[in-house]
Protein chains: 2
Amino acid sequence: MTLAPILDAVDTGLEASLERLFDLLRIPSISTDPAFDAACVQAADWLVAELNDIGFDATRRDTPGKPMVVGHHPGDGPHLLVYGHYDVQPVDPLDLWHRDPFDPAIDQTDKGPVIRARGASDDKGQLMTFVEAFRAFKAVQGALPCQITILFEGEEESGSPSIIPFLTENRDELKADLCLVCDTGLFDPQTPAITTMLRGMQAAEFTVIGPDKDLHSGMYGGPAMNPIRVISSLIASMHDADGRVTIPYFYDGVDPVPNAVKADWDSLDFDGAAFLGEVGLSEPAGERGFTVLEQIWARPTAEVNGVWGGYTGAGTKTVLPSEASAKVTFRLVGRQDPDAIADNFKQFLEDQLPADYALKFTSGHGAQATIMPTDRPEFAAARAALSEEWPNPAVFIGGGGSIPIVGHFRDILDVDSILIGYGLDDDNIHSPNEKYNVTSFHRGIRSWVRVLGALGDA
Amino acid sequence: MTLAPILDAVDTGLEASLERLFDLLRIPSISTDPAFDAACVQAADWLVAELNDIGFDATRRDTPGKPMVVGHHPGDGPHLLVYGHYDVQPVDPLDLWHRDPFDPAIDQTDKGPVIRARGASDDKGQLMTFVEAFRAFKAVQGALPCQITILFEGEEESGSPSIIPFLTENRDELKADLCLVCDTGLFDPQTPAITTMLRGMQAAEFTVIGPDKDLHSGMYGGPAMNPIRVISSLIASMHDADGRVTIPYFYDGVDPVPNAVKADWDSLDFDGAAFLGEVGLSEPAGERGFTVLEQIWARPTAEVNGVWGGYTGAGTKTVLPSEASAKVTFRLVGRQDPDAIADNFKQFLEDQLPADYALKFTSGHGAQATIMPTDRPEFAAARAALSEEWPNPAVFIGGGGSIPIVGHFRDILDVDSILIGYGLDDDNIHSPNEKYNVTSFHRGIRSWVRVLGALGDA
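The numbering scheme is per chain: residues are counted from 1 as the chain's sequence reads. Working convention: letters from A go to chains and numbers from 1 go to ligands, in the order in which they are written. Whole-chain, interface and lining totals are the exception, using all residues; otherwise, since this is a predicted model, local features are given only for residues with pLDDT of at least 70 and side-chain atom pairs are given and counted only at 80 or more.

## Considering the confidence of the model for chain A
Move 1: pLDDT measures how confident the predictor is about each residue, on a scale from 0 to 100. Chain-level statistics for chain A give a pLDDT mean of 95 and a share of 100% at 70 or above.
Move 2: Predicted as a complex, the structure gets a pTM of 0.85 and an ipTM equal to 0.85.

Encoded structure:
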């Protein structure tokens, strides 16, 4: 398949593509705030209309939450499920934005032109790279190289409460050979990436409860065991001096990074010191013996996200509180079992409780790590296609965060995912002044043209 | 001196004494809330009028804060300074009170009748034991057995901001041979006590600052050192497994309890297990090898009164905060130096900070422990006088808290204090439904009659 005329159509149509993206960015589809419910429906309707305009059979599918957008288009090649989300993060603190977050514009920066708006990168700009790639194929060839099922959701930023029931109820309709997800990043502005490993997660919260009321330190200070001392000891005991997590059985199911993958990572121009330096740190705090990249992509963590207890206002209050609490999230890798991690953590805490103390413990629904089947031929095909588009060859990378949808596609639809995206670390997603490089958008559309072409030929 | 007619006058006048106390209790003199500024002035004026009525030369002395009440009365015996405070704690949570906190009444309880109102015990009821004892002397004898200078303040519950300047500016007027303070408690309902040791205090607050902004645990979890882990390790390191504080030089100036005092304490019917059992604890957490009573009265402590960092709202937030904070108070004994404790604590924290971390540290104005000169003959005289009034002989006890005024009298006026009071642990001071046993009030007045008589004879 010759892609040149389609790529040319992407180039000549870029201005119009940007205008359409701007239309979508103007809709304040914040899914976490009920005040923007109507905007979420409006964004879904806008996408349905766009897709139908291109020739998809697209509909808005209402759920108890925000609507899904589902679209179908026939094609000769493999059947691909395409995923993105049209909802965006809240915009506060609004006063830190340099312009209205829902009045998109091109800003000229020293790194080139960028699209500035809430959702520009996460995920409207990325989602529209799919739509504009389809449009270019249709405009030039009147057809798509693969059969496409689109699923755009509107609840990704609020925990996707409707996704599991929706996938379950519409399993047959959404089933495909492979899924393409556009919600990740480039490795660097010159280097495209396929994210092949994602850490899983387990969350827990616990409270240690000692005296049955707050005590006065003048009366009980000394003989009464202070819950802040107890919780501090517990938290301090979660890591040893080498940065290893000390919870029993924690590393069960943690596999070494395969040599081939490790070689790929070692070839990357990743500067761990610069990465830490960006946030004012220099000394890696993860497990000794692993690079910063391995610590993020391939090693599990136990992080305390919040701690509180006693008096936290102004001045002094000589109180011994009756309890203290902490929130913890574990990032998981390999075959680590989230439920077992929660159980073992609870046991670990209980085993160390001092006399008279009780533990209140809750854990959320966890997610296992995701490891993509990179031996499927589509991974090599996509990698080669991306390498043709960008200055540097594409790389397989890991991801420190979690993208739960990938696990749901795997578990509910029995579909593997290829994660390709064009975001950059400095896109300010979830923060004021979010942006998406025009290059990301432009080369992103062209990248999908190449990937769709490659997969259609495969 | 025969005290019998004066004690009789106390007994026959008890109803009228209670009525006067109720008048004072009806004035909502909450010093921490500016809404009650006028009530504080009203309480001061009420006391001035009462004292002048008895024959004192009393005046309201305005300060930048709440007014002081100063009164003078001549007498042949030694010159005594008499201290109490007319301000009270706030009353919230108001819905936990069984009656209006400023509408005093006698409640019949299974432990006998009690005066129920805010300030009944702390400190209006106690302060009025002085006034009513003076009244009885004057009514029967037309004279007092000692020269008296009264100082009643109205800022004790809000940190006494005016006391140091006031004592300094009026040093000559307030100077006396000895001070009597009525703001402490009985050892138990049958056993009067003179508090001869008070722990000092030093307060500090610190923040550990790591990354220069909050981080996402999916991105930095692992290689970035988490400030909650850092502060937890610091707090956990403050005590060893035997409950000893590990800060260098912390125990400098901590003297063993003299054998005579220890023997006095050992003779007390103090049940450490019951004391801890009242708040749901059983295992003493202070230094191993010391009794619960010693841990409270004679050993220094390092207590974390508050800790906070990261996300503390509902649900999960996968954040690594940039900082975490804690508030600490040290209870000090013997010759421990508050400034040195603060300095050594700061150094202790700094020495353990991990790479890239900064410490923000503030410490308040500390107070040394107070050890009364119990070899002064007035202590033996007062002890004997109290022993005559109550079912059990009086005891010398320690106090776990601090009463800074005693240190100020010592430092500024060069006056020692004898601390005698009639409060009980179940008086609910600073809490809803504060009470003062009618027995405390009645025997309290009679106790001062006996103590004044004894000191006048000495």
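## Looking at the interface of chain A and chain B
Move 1: Contacts between the two partners involve 63 residues from chain A, matched on the other side by 63 residues from chain B.
Move 2: Numbering of helices and strands runs from the N terminus; a helix is a DSSP stretch of H or I covering at least four residues, while a strand is a stretch of E covering at least two. Those elements that place two or more of their residues in the side of chain A that touches chain B are α7 (217-220), α8 (227-236), α11 (292-297), β11 (301-310), β12 (319-320) and β13 (323-332) of chain A.
Move 3: Broken down by element, the side of chain A that touches chain B gets its largest block of residues, 9 residues, from β11(A).
Move 4: Class assignment for the residues of the side of chain A that touches chain B results in 27 nonpolar, 26 polar and 10 charged.
Move 5: Two strands pair under a simple rule: DSSP has to find at least two bridges between them. In this structure, β11(A) lies alongside strand β11 (residues 301-310) of chain B, joined through 5 bridges in antiparallel fashion. The partner of A:Trp308 across the bridge, within β11(B), is B:Trp308. Here, residues touch in the contact sense if the C-beta positions derived from the backbone fall within 7 Å of one another. Any residue that is not Ala, Val, Leu, Ile, Met, Phe, Trp, Tyr, Cys, Pro, Asp, Glu, Lys or Arg is counted as polar, Gly included; the first ten are nonpolar and the last four charged.

## Notes on the environment of A:Ala326
Move 1: With respect to the secondary-structure elements, A:Ala326 resides in strand β13.
Move 2: Leave out the neighbours within four places in its chain, and A:Ala326 touches A:Phe206, A:Ile231, A:Ile235, A:Val304, A:Gly306 and A:Val307.

## Looking at the relation of the copies chain A and chain B
Move 1: Here the copies are matched by least squares. The fit uses the C-alpha atoms of residues with pLDDT of at least 70 in both. Rotating chain A by 180° and translating it 0.0 Å along the rotation axis places it on chain B, where the RMSD comes to 0.1 Å. As the rotation angle and translation indicate, the two copies are arranged about a two-fold axis.
Move 2: Taken as a fraction of all interface residues of chain A, those also at the interface in chain B reach 100%, which identifies the copy contact as same-surface.

## Quick look at unusual backbone geometry
Move 1: For the bond from A:Asp92 to A:Pro93, the omega torsion is 5°, close enough to zero to count as cis.
Move 2: Following A:Asp122, the chain continues to A:Asp123 via a peptide bond in cis, the omega torsion being 5°.
Move 3: Although it is not a glycine, B:Ser160 adopts a positive phi angle of roughly 50°.
Move 4: Take B:Ser160: it is sitting in the loop between β6 (147-153) and α5 (163-169).
Move 5: The exposure class of B:Ser160 is buried, given the 21 C-beta atoms found within 10 Å. Buried residues are those with 20 or more other C-beta atoms within 10 Å of their own C-beta, exposed residues have 12 or fewer, and partly exposed residues lie in between; C-beta atoms are placed from the backbone.

## Remarks on the sheet that holds strand β5 (residues 112-116) of chain B
Residue and element names in this part refer to chain B.
Move 1: The antiparallel open sheet is built from 3 strands, whose spatial order is β4-β5-β18. Unpaired on one side and paired on the other, β4 (105-109) and β18 (435-437) mark the two borders of the sheet. Ignoring strand direction, the axes of neighbouring strands in this sheet form an average angle of 35°.
Move 2: Across 5 bridges, the pairing between β4 and β5 is antiparallel. Residue Ile106 lies in a different strand from β5, and its bridge partner there is Ile115. Only C-alpha atoms enter the line fits that serve as axes; for helices the fit covers just the stretch in contact. Angles between N-to-C directions range over 0 to 180 degrees.

## Observations concerning the domain arrangement of chain A
Move 1: By domain assignment, chain A separates into domain 1 (4-198 + 369-457) and domain 2 (200-254 + 300-363).
Move 2: For domain 1 of chain A versus domain 2 of chain A, the distance between C-alpha centres works out to 39 Å. Domain start and stop positions are those given by an automatic or database domain assignment.

## Considering helix α15 (residues 438-457) of chain A
Move 1: Relative to the 28 Å expected for 20 residues at 1.5 Å per residue, α15(A) spans 29 Å between its end C-alpha atoms, a close match to the ideal helical length.
Move 2: With 16 of 20 residues buried, α15(A) lies mostly within the body of the structure. Helices are assigned an expected span. That span is 1.5 Å times one less than the residue count.

## Overview of the sheet that holds strand β14 (residues 358-363) of chain A
Move 1: Judged by pairing direction, the sheet is antiparallel, and its 8 strands sit side by side in the order β14(A)-β9(A)-β13(A)-β11(A)-β11(B)-β13(B)-β9(B)-β14(B) without closing on themselves. Strands with a single pairing partner mark the edges of an open sheet, and in this sheet they are β14 of chain A together with β14 (358-363) of chain B. Going from strand to strand, the sheet's axes swing by 25° on average, the running direction of each strand aside.
Move 2: Here strand β9 (residues 200-209) of chain A pairs with β13(A) via 10 bridges, running antiparallel. Paired with A:Ile209 across the strands is A:Glu323, a residue of β13(A).

## Examining the nonpolar core
Move 1: Defined on buried residues, the nonpolar core groups Ala, Val, Leu, Ile, Met, Phe, Trp, Tyr and Cys residues joined through C-beta atoms within 7 Å. Core analysis: the largest hydrophobic core is formed by 266 residues, its most contacted members being A:Ile150, A:Val307, A:Val449, B:Ile150, B:Val307 and B:Val449.
Move 2: Look past the residues within four positions of A:Val449 in its chain and what remains in contact with it is A:Leu3, A:Ile6, A:Leu7, A:Val10, A:Ala133, A:Ala136 and A:Phe137.

## Some remarks on the packing of helix α4 (residues 124-141) of chain A against α15(A)
Residues and elements named next belong to chain A.
Move 1: At their nearest, the axes of α4 and α15 sit 8 Å apart, and the two run at 55° to each other. Judged by the inter-axis angle, α4 sits oblique to α15. When you trace α4 past α15, the crossing you get is right-handed. Between α4 and α15, the residues in contact are Gly125, Gln126, Thr129, Phe130, Glu132, Ala133, Ala136 and Phe137 and Phe441, Gly444, Ile445, Trp448, Val449 and Leu452, respectively.
Move 2: In terms of residue class, the contact of α4 with α15 is built from 9 nonpolar, 4 polar and 1 charged. Roughly parallel refers to an angle under 35 degrees, roughly antiparallel to one over 145, roughly perpendicular to one between 65 and 115, and oblique to any angle outside these ranges. Handedness of a crossing follows from how the near helix is turned relative to the far one, being left-handed for an anticlockwise turn of less than a right angle and right-handed for a clockwise one.

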